[in-house]
Amino acid sequence: MDDEGLFTIGWLSRRTGMPVRTIRYWSDVGALPPAERSEGGYRLYDAGAVARLELIRTLRDLGLGLDDVRRVLERKVTLADVAAVHVDALDAQIRTLRLRRAVLSTVARRRSGTEETKLLNELARLSAEERRRIIENFVDEVFGGLDADPELRNRLRHTEIGLPDDPTPEQVDAWVELAELVQDPGFRRRMRDMVRHNARNRGEQGPGGFMWFAKKVAWQVGEARENGVRPDSPEAVEVVGRLLGDMDADGRAAVVQRLEAGLFAEAERYRHLMAVINGREPKPSHADDFAWLLAALRAHP
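Comments concerning the overall build of the protein chain
Here comes step 1: Helix and strand counts for the protein chain stand at 16 helices and 2 strands.
Here comes step 2: Each of the 301 residues in the protein chain was classed as buried or not, and the buried ones make up 40%.
Here comes step 3: Contacts in the protein chain between residues at least 24 apart in sequence constitute 67% of all its contacts with a sequence separation of at least 6.

Observations regarding the nonpolar core
Among soluble globular proteins, nonpolar side chains are generally buried collectively.
Here comes step 1: Phe-138, Trp-175, Leu-178, Val-182 and Tyr-270 are the most contacted members of the largest nonpolar core, which has 30 residues in total.
Here comes step 2: Mapped by element, the contributors of at least two residues to this core are helix H5 (79–110), helix H6 (114–124), helix H7 (128–143), helix H9 (169–182), helix H10 (185–200) and helix H15 (263–277).
Here comes step 3: Take this core: its biggest share by element is 8 residues, from H9.
Here comes step 4: In this structure, Ala-236, Val-240, Phe-264 and Trp-292 belong to the second largest nonpolar core, which totals 21 residues.

Some thoughts on the pattern of salt bridges
Between side chains of opposite charge, pairing is possible as soon as their charged atoms come close.
Here comes step 1: Applying the stated rule across the entire model yields 9 salt bridges.
Here comes step 2: Here Arg-225 and Asp-288 are joined by a salt bridge, their closest N and O atoms 3.8 Å apart. Here Asp-288 lies in helix H16 (residues 287–299) and Arg-225 lies in helix H12 (residues 209–226), a separation of 63 residues in the sequence.
Here comes step 3: Of the residues examined, Arg-225 reaches a relative accessible area of 36% and is grouped as partly exposed.

Comments concerning the packing of aromatic side chains
Here comes step 1: Per the counting criterion, the structure on display carries 4 aromatic pairs.
Here comes step 2: Residues Tyr-25 and Trp-26 carry aromatic rings whose centres are separated by 5.6 Å and whose planes lie at 70 degrees to one another, so their mutual orientation is edge-to-face.
Here comes step 3: Taking the relative accessible area as the measure of exposure, Tyr-25 reaches 41% and is therefore partly exposed.
Here comes step 4: Accessibility expressed as a relative area gives 5% for Trp-26, which makes it buried.

Side note on the environment of Leu-73
Here comes step 1: Locating Leu-73 in the fold gives a position in helix H4 (residues 66–73).
Here comes step 2: Sequence-wise, Leu-73 and Arg-52 are 21 residues apart; in three dimensions their C-alpha atoms are separated by 8.0 Å.

A short note on the environment of Val-255
Here comes step 1: Considering the arrangement of structural elements, one finds Val-255 in helix H14 (residues 249–260).
Here comes step 2: Val-255 sits in the buried class, given a relative accessible area of 1%.
Here comes step 3: Put simply, Val-255 and Leu-294 are 39 residues apart on the chain and 8.5 Å apart in space, counted from C-alpha to C-alpha.
Here comes step 4: In this structure, Val-255 is in contact with Phe-213, Leu-244, Met-247 and Leu-297, ignoring residues within four places of it in sequence.

Section: the side chain of Thr-16
Here comes step 1: Mapped onto the elements, Thr-16 comes out in helix H1 (residues 9–16).
Here comes step 2: Of note is the side chain of Thr-16, whose polar atom sits 3.3 Å from the backbone nitrogen of Met-18.
Here comes step 3: Filtering out sequence-adjacent residues up to four positions away, Thr-16 remains in contact with Ile-23, Val-50, Leu-53, Glu-54 and Arg-57.

Comments concerning H9
Every α-helix carries 3.6 residues per turn, so stepping three or four residues along brings you back to the same face.
Here comes step 1: For H9, which comprises 14 residues, the first-to-last C-alpha distance of 20 Å matches the rise-based estimate of 20 Å (1.5 Å per residue) to within 8%.
Here comes step 2: Buried residues dominate H9, accounting for 10 of its 14 residues.
Here comes step 3: The set of residues buried in H9 consists of Pro-169, Gln-171, Val-172, Ala-174, Trp-175, Val-176, Leu-178, Ala-179, Leu-181 and Val-182.

Some details on the packing of helix H13 (residues 234–244) against H16
Packed helix pairs are specified by the crossing angle of their axes together with the interaxial distance, meaning the distance between the axes.
Here comes step 1: Orientation of H13 relative to H16, taken along the N-to-C sense of each, is 105 degrees, at an axis distance of 10 Å. It follows from the interaxial angle that H13 and H16 lie roughly perpendicular. Touching Ala-236, Val-239, Val-240, Leu-243 and Leu-244 of H13 are Trp-292, Leu-293, Ala-296 and Leu-297, all from H16.
Here comes step 2: Split into classes, the residues belonging to the contact of H13 with H16 amount to 9 nonpolar, no polar and no charged.

Calculation criteria
- Counting of residues starts from 1 at the beginning of each chain's written sequence and follows it residue by residue.
- It should be noted that, the model being predicted, local features are given only for residues of pLDDT at least 70 and side-chain atom pairs only at 80 or more, the latter also being counted only at that level, while totals for whole chains, interfaces and linings use all residues.
- The basis for the side-chain values is all heavy atoms of the structure; hydrogens and waters are excluded.
- Helix numbering and strand numbering both begin at the N terminus, where a helix is a DSSP run of H or I of at least 4 residues and a strand a DSSP run of E of at least 2.
- For every residue, the accessible area obtained with a 1.4 Å probe (protein chains only) is divided by the maximum for its type, and the residue is called buried under 20%, exposed over 50%, and partly exposed between those limits.
- Two residues form a contact once any of their heavy atoms are found within 4.5 Å.
- Each nonpolar core is a collection of buried residues, namely Ala, Val, Leu, Ile, Met, Phe, Trp, Tyr and Cys, held together in the definition by side-chain atoms within 4.5 Å.
- Between Lys or Arg on one side and Asp or Glu on the other, a salt bridge is scored when a side-chain nitrogen of the former is within 4 Å of a carboxyl oxygen of the latter.
- The criterion for an aromatic pair is that two Phe, Tyr or Trp rings (for Trp, the six-membered ring) have centres within 6.5 Å, with stacked assigned to planes under 30 degrees apart, edge-to-face to planes over 60 apart and tilted to the rest.
- The term polar contact refers here to a pair of N or O atoms within 3.5 Å; inside protein, the definition further demands a hydrogen-donor-capable atom paired with an acceptor-capable atom, and it admits residues adjacent in sequence only when both atoms are side-chain atoms.
- Take the residue count of a helix, subtract one, and multiply by 1.5 Å to get its expected span.
- For every element, the axis is a line fit to its C-alpha atoms; helices are fit only across the contacting stretch, and the angle between N-to-C directions ranges from 0 to 180 degrees.
- Every angle not falling under 35 degrees, over 145, or within 65 to 115 is termed oblique; those three ranges are roughly parallel, roughly antiparallel and roughly perpendicular.
- When residue character is reported, Ala, Val, Leu, Ile, Met, Phe, Trp, Tyr, Cys and Pro are called nonpolar, Asp, Glu, Lys and Arg charged, and the others, Gly included, polar.

What follows is the structure, encoded as structure tokens:
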């Protein structure tokens, strides 16, 4: 410090705890201009330089870049405006980091290799519109040209893929599994067979017939299983009769075929994954009920 109340870089360094080279750098780029120079050419700073230097350090600690710091110091923009922009940028970074964490957690849990890790990352980064198109493409291929129950189509098409910006590892895992499932040619073929059967029997099933049948299985078979009814027992014949009514042999064979193909279980898995992705509590699985019905139909053709 000199007699005129001016300070050297060394004094500023000791006063603020910032390295001399850092103070010199900020002075070189114009963010901390000297008040004047000594006879020997050394830079001298006034009392305001201390407060200015503290502000520079604070803004840098908060992540503001050189240009933004200079604009604030030169009063070309308010600190509040710059802060608002940086809040948006930090929010985007946080979402990205959360997504990366979720993907890496999925990779670790699935013990994925290089190719699967790449696929997981690509699927997780898809936009909401891209996710929607994947599902719509699946629905269009499954229902295309078939006069199926509109309620069944709407249940598949109008299911929101609401993967949040900061998904949990479970949600990422569920979305990846769903995306793999709906893009699997075998799954698409089986689901189209199910829809084709629905279209052939619309008059008998009525609106929502497919979903109603699945609910009846869960209700009636679930009750029978709780009561200890075995699928090969005489009591099972009555349960099957209530479910299928006066359906002929060909109709029963079609039901067996769909059960053997796992269509009901796959449709249930589809809905389960949708629930996880959207943060809803998945409904209980009825896979055991469908397995019981298949065993009963085989035991009592």
